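Structural description and commentary
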Amino acid sequence: MSNRITAPQRQADLLLYRLYRIHTTAGRLVVHMCESEFGITRREWRILSFLAEREGALSSQLAEHAMLDRARTSRTLSTLAAKKLVVRQPRPSDRREVHVFLTDEGRRLYGEIYPRVAAINRELVADLDGPRLEQLDAMVDALQAQAGRMVAARPETPTPQDGGD
């Protein structure tokens, strides 16, 4: 049995395109809130939220998680430091290794933004009932695992980079 996922007939049928449209459409709400109410970009939000879960992460870990190259990550961290939302602390024994921490203001900002982003997420899936939500969660996990296997099988594939704010 074929359907538009396994036998796409046009771009609008492609799963990656459909997921991208969901991300872009609903993501506008997060971007608008971050920029207009809090004065940070979506990229800065991404770094802040990662740090809230992993205080003291290395900038290279931040780059990998945020799917940014090291130069973009460094620029974003410089901007966040200028806004007094993060601090960089070189490791005393190896000053090339820099750990990044949220400041008190960074934690406060994260605490203010995260519940609102979570509410946008809940609103996005509000029309799905319990069993469908569980299925969606399992399917997203399965798709992510398969995507990871596909990339691992093609070691020449570069890490995706986020080119825009």
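Quick caveat: nothing in here was measured; it's all calculated off a predicted structure.

When you go through the chain residue by residue, the secondary structure sums to 6 helices and 3 strands. Taken from the N to the C terminus, the helices and strands of the chain come in the order α-α-β-α-α-β-β-α-α. Of all 165 residues assigned to the chain, the portion counted as buried reaches 25%. Counting only carbon and sulfur atoms, one obtains 55% of the accessible surface of the chain, whose full area is about 11,400 Å².

The next point concerns the packing of helix H2 (residues 42-53) against helix H5 (residues 104-124). For the pair H2 and H5, the least separation of the axes is 11 Å and the interaxial angle reads 105°. Relative to H5, H2 is oriented roughly perpendicular. Contacts from Trp-45, Leu-48, Ser-49 and Ala-52 of H2 reach H5 at Leu-109, Tyr-110, Ile-113, Tyr-114 and Val-117. In the contact of H2 with H5, the residues fall into 8 nonpolar, 1 polar and no charged.

Running from N to C, helix H3 (residues 59-66) and helix H4 (residues 70-82) point in directions that differ by 110°, and their axes come no closer than 9 Å. The angle between H3 and H4 places the two elements in the roughly perpendicular class. Together, Ser-59, Ser-60, Leu-62 and Ala-63 of H3 and Arg-70, Thr-73 and Leu-77 of H4 make up the contact between the two elements. Looking at the contact of H3 with H4 residue by residue, the classes come out as 3 nonpolar, 3 polar and 1 charged.

Taken as a class, soluble globular proteins show a tendency for nonpolar side chains to be buried jointly. Formed by 25 residues in total, the largest nonpolar core has its most connected members in Ile-40, Trp-45, Leu-48 and Ile-113. Elements that contribute at least two residues to this core include exactly helix H1 (15-38), H2, H3, H4, strand E3 (94-102) and H5. When neighbours within four sequence positions are excluded, Leu-48 is seen to be in contact with Ile-40, Leu-80, Leu-85, Val-86, Leu-102, Leu-109 and Tyr-110.

A word on the pattern of salt bridges. Under the counting rule described, the total for this entry stands at 9 salt bridges. Of the charged contacts in the structure, one is a salt bridge between Arg-107 and Glu-55, with a shortest N-O distance of 3.4 Å. Of this pair, Arg-107 sits in helix H5 while Glu-55 is found in the loop between H2 and strand E1 (57-58), placing the two residues 52 residues apart along the sequence. Each of Glu-55, Asp-104 and Arg-107 takes part in a single network of salt bridges with overlapping partners.

At Met-67, a position not held by glycine, the phi torsion is positive, near 55°. The topology assignment puts Met-67 in the loop between H3 and H4. With a phi close to 60°, Lys-84 is a non-glycine residue in the positive phi region. Topologically, Lys-84 is positioned in the loop between H4 and strand E2 (86-91).

This next bit is on the environment of Thr-25. You can see Thr-25 is positioned in helix H1. At 2.7 Å, the side chain of Thr-25 forms a polar contact with the backbone oxygen of Arg-21.

Over its 23 residues, helix H6 (residues 130-152) runs 33 Å from end to end, which matches the ideal 33 Å to within 8%, given 1.5 Å per residue. The residue sitting at the N-terminus of H6 and contributing the capping side-chain oxygen is Asp-129; that oxygen lies 3.0 Å from the backbone nitrogen of Arg-132.

Once that is clear, we can look at the packing of aromatic side chains. This structure, assessed with the given rule, holds 2 aromatic pairs. On the numbers, 5.6 Å between centres and 15° between planes, the contact of Trp-45 with Tyr-110 is stacked. Within this pair, whereas Trp-45 is found in helix H2, its partner Tyr-110 is found in helix H5, the two being separated by 65 residues in sequence. You'll find Trp-45 and Tyr-110 in the same group, each marked buried. Clustering of aromatic rings is evident, with ring pairs tying together Trp-45, Tyr-110 and Tyr-114.

Here is what the cut-offs are and how they apply
- Per chain, the residues get numbers from 1 upward, laid out in the order the sequence is written.
- Two thresholds apply to this predicted model, a pLDDT of at least 70 for residue-level local features and 80 or more for giving and counting side-chain atom pairs, whereas whole-chain, interface and lining totals are computed over all residues.
- With hydrogens and water stripped out, all remaining heavy atoms of the structure feed into the side-chain values.
- Secondary structure elements follow DSSP: runs of H or I no shorter than four residues count as helices, runs of E no shorter than two count as strands, and numbering proceeds from the N terminus.
- Note on classification: 1.4 Å probe, protein chains only; a residue is buried when its accessible area is under 20% of the maximum for its type, exposed when over 50%, partly exposed between these limits.
- Note on areas: these come from Shrake-Rupley sampling with a 1.4 Å probe, and a residue is covered only by the protein chains present in the view.
- Angles shown run from 0 to 180 degrees and are taken between the N-to-C directions of axes, each axis being a line fitted to C-alpha atoms and, for helices, limited to the stretch in contact.
- Oblique is the label for every angle not falling under 35 degrees (roughly parallel), over 145 degrees (roughly antiparallel), or within 65 to 115 degrees (roughly perpendicular).
- The contact rule is simple, with two residues in contact once any of their heavy atoms fall within 4.5 Å.
- In the scheme used here, Gly and all other residues not listed as nonpolar or charged are polar, with Ala, Val, Leu, Ile, Met, Phe, Trp, Tyr, Cys and Pro taken as nonpolar and Asp, Glu, Lys and Arg as charged.
- Side-chain atoms within 4.5 Å are what join buried Ala, Val, Leu, Ile, Met, Phe, Trp, Tyr and Cys residues into a set we call a nonpolar core.
- Think of a salt bridge as a Lys or Arg side-chain nitrogen and an Asp or Glu carboxyl oxygen that are within 4 Å of each other.
- N or O atoms within 3.5 Å of each other form a polar contact, as long as, within protein, one can give a hydrogen and the other can take it, and as long as residues adjacent in sequence are counted only when both atoms are side-chain atoms.
- The span expected for a helix works out to 1.5 Å for each residue beyond the first.
- Only Phe, Tyr and Trp rings are paired, with Trp represented by its six-membered ring, and only when their centres lie within 6.5 Å; those with planes under 30 degrees apart are stacked, over 60 edge-to-face, the remainder tilted.

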